Amino acid sequence: MRFPVSVMCALLFAQSTPVFAALGAAAGPAAGTPQAQTDAARAKASARVTSYSGYTVSEVVEPSGTTVREYIGTDNVVFAVSWQGPSMPNLQQLLGSYADQYVAAASEPHPGRRAVAIQSDQLVLRSGGHMRSFAGNAYVPALLPQGVTPDNIR
Amino acid sequence: MRFLTYLLCLFSTLFLFACGGGGGGSDSGPTPPTPQPVQNVQALVIDNGPAAASGSVNAPYVSLTICQPGSTTQCQTIDHILVDTGSSGLRIMSSVLASNLALPSVASANGSPLAECARFADGYSWGSVKQADLRIAGEVASGISVHIIGDSAFPSVPSGCSGSLVAENTVAAFHANGVLGISTFIQDCGSACASQALEGWYYSCPSSNNCTATTLAVNRQVGNPVAVFPQDNNGTVIQLPSVGANGASGVTGSLIFGIGTQANNALGSASIYTLNSSGNLSALYQGQVMQAFFDSGSNGLFFADSSIPNCTNSKGFYCPSSTLSRSVVNTGLNGRNSTVNFNIVNADALFQANPNNTAFNNIGGGAAFASFFDWGLPFYFGRSVYTALEGVSAGGTTGPYIAY
């Protein structure tokens, strides 16, 4: 049986635990579909979801002990992510289509080791720390729900 | 020329200690000879960096020697190893290793060779884990696991590693021939990797293109070599001279092994600030409480302050229109606190006016997560900074702690 490539990718991601949606992407299939119900069941097992005015935060503690939070608007789109803990998270998965901007910023010539910061109209990102204590966050300014400020992203 | 300077520094240091040690070997009197203290000082050099990646500032380098396990002849001395209190473990770029230095592989529990992914704040390094002896100053760490970065043994990098997006597997990308990680942690990963196969740490590689995450006992992990020394093994001291507001070139200092174990590493008037289980303490800056850490591998003071303009040329650094005087209150877990004053200058102007200088005590940048204050190398000038290992007594206090 052959799957379309996009379905294959989704399945590959689904195998790795925990399950993340990427920044700027839908947190899951549209509500009400069978897939959404499966995802919701899995989310209950792996994530703590907290609702705020205008958005929800899905918090997952990775096996390494690092806490990863996804900030999801009422449109089901992930508008921000954050992480804190002993291991860097998988930024490829977390940043999704925004990963290229991270690569460009982190690859700029610089005299030594350092943290990474991006401040653009498309993406705001800060990442820093040291081995066994990393923290960072990223958000898409255009996707911030009304009334939500960067200070809400912890 | 650079190598000659190193040799001169090294020999003068050795000579001083040979004299300072007192007592000779020719006395055949009735009292047994007093054991001579091990030479525990290695020269730190702050220069442009290795030829393949010149242009570094505020990067403290040492030379060290790695040997095949158990050998004192099958060895290679490597310069420009970055001294990093922000990581644990010895990591060497494979490109600088002599081809005839045959280091044995460290095996996983199932007998396959091991590879590791070391993740830093700005990228990842991937390569084999090998066994070696480290010789530095008069100290020896025997049979330690060493990360060999960028070797060709396992060309397929697992996604749990490459997901950190930016590869730092060359001297040019790393700005060093290797890194000597001497943080407060004894292992790089620790018990988390001993109990679970975690993505982004250790991998078992039964074939060159097949590496899967694996558990690894703590005593086989890549870790702080100081903990393995037979003596002077409870921490380190970094001593750097003061530099002026325009910086300096040709700056050398000392990396001293042990705390309170020899005459040259006593705590003296330094205050101890104990650290939490993440290696951090509390810092108060401009009314904001942050976590602070002490990282000789960071070349500036990195902290978030949106009121300070960023540079246009020196990416990642601050460029205020005039010099700023700021202060931070550091508070250890033990309640000890102190105020540290520092200046932030316009890095573009400073670098342009002092193109030959490589050591600066007044550069900072905002490229850090808002909740962290990174005391990078500018903090270390004009001080003795002590880094005590977790769980061991150093000068009468159990680490982890920082003292200055």
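The name recorded for chain B in an unreviewed UniProt entry is Lipoprotein, from Collimonas fungivorans.

Considering the packing of aromatic side chains
In the structure shown here, the tally under the stated rule is 26 aromatic pairs over all chains. Judged by centre distance (5.8 Å) and plane angle (80°), the rings of Y55 of chain A and F79 of chain A are edge-to-face. Of this pair, Y55 of chain A sits in strand β2 (residues 55-61) while F79 of chain A sits in strand β4 (residues 78-85); the two residues are 24 residues apart in sequence, bridging distant segments of the chain. In terms of burial, Y55 of chain A and F79 of chain A fall into one category: buried. Taken together through their ring pairs, the aromatic side chains of Y273, Y285, F294, F303, Y318, F342, F373, W375, F379, Y380 and Y404 of chain B make up a single cluster. Here R383 of chain B stacks its cationic end above the ring of F379 of chain B, 4.2 Å away from the centre of that ring.

Structural notes on the state of the cysteines
Residue and element names in this part refer to chain B. Applying the stated criterion across every chain, the model contains 5 disulfides over all chains. One disulfide in the model links C117 with C161; its S-S distance is 2.2 Å. Every disulfide takes its handedness from the sign of the S-S torsion; for C117 and C161 that torsion is 85°, giving right-handed. Taken together, the positions of C117 in strand β5 (residues 114-120) and C161 in helix α2 (residues 159-162) put the pair 44 residues apart, joining distant regions of the chain. Note on accessibility: C117 and C161 belong to one class, buried. With a sulfur-sulfur separation of 2.0 Å, C189 is cross-linked through a disulfide to C193. Taking the torsion about the sulfur-sulfur bond, which here is approximately 85°, the covalent link between C189 and C193 counts as right-handed. In chain B, the bonded cysteines, numbered by position in the sequence, are linked as 1-2, 3-4, 5-6, 7-8, 9-10.

As for the interface of chain A and chain B
Each partner contributes to the interface: chain A provides 36 residues, whereas chain B provides 48 residues. Our count for the chain A to chain B interface comes out at 0 salt bridges. For the pair chain A and chain B, the interface holds 12 residue pairs in polar contact (both at pLDDT 80 or more). Only α3 (91-95), α4 (99-106), β5 (116-119), β6 (124-130) and β7 (133-139) of chain A provide two or more residues apiece to the side of chain A that touches chain B. Broken down by class, the residue content of the side of chain A that touches chain B amounts to 17 nonpolar, 14 polar and 5 charged.

Thoughts on the domain arrangement of chain B
Many structure descriptions define interface size as the accessible area lost when the parts assemble. All names here are of chain B. Domain annotation of chain B identifies domain 1 (41-228) and domain 2 (268-403). The C-alpha centroid of domain 2 is placed 26 Å from the C-alpha centroid of domain 1. The interface of domain 1 with domain 2 comprises 21 residues on the first partner and 25 residues on the second. At the boundary of domain 1 with domain 2, total buried surface from both sides reaches about 1,600 Å², with 58% on carbon and sulfur atoms. Counting the surface domain 1 buries against domain 2, the share from its top three residues, V57, N58 and T184, is 42%. Across the contact surface, domain 1 and domain 2 share 0 salt bridges. Here domain 1 and domain 2 share 11 residue pairs in polar contact (both at pLDDT 80 or more) between them. For the side of domain 1 that touches domain 2, the element with the most residues is strand β3 (residues 75-84), which contributes 3 residues.

Definitions and cut-offs
Residues numbered from 1 in each chain as written. Chains lettered and ligands numbered in written order. Predicted model: local features only at pLDDT ≥ 70, side-chain atom pairs only at ≥ 80, totals over all residues. Heavy atoms only, no water. Phe/Tyr/Trp six-rings, centres within 6.5 Å; stacked < 30°, edge-to-face > 60°. Helix = DSSP H or I, 4+ residues; strand = E, 2+ residues; numbered from the N terminus. Buried < 20%, exposed > 50% of the residue type's maximum accessible area, 1.4 Å probe, protein only. Lys NZ or Arg CZ within 6 Å of the ring centre and 35° of its normal. Disulfide = S-S within 2.5 Å. Contact = heavy atoms within 4.5 Å. Salt bridge = Lys/Arg side-chain N within 4 Å of Asp/Glu carboxyl O. Polar contact = N/O pair within 3.5 Å; in protein donor to acceptor, adjacent residues only side chain to side chain. Nonpolar A, V, L, I, M, F, W, Y, C, P; charged D, E, K, R; others polar. Domains from an automatic or database assignment. Buried area = accessible area lost by both parts, 1.4 Å probe.

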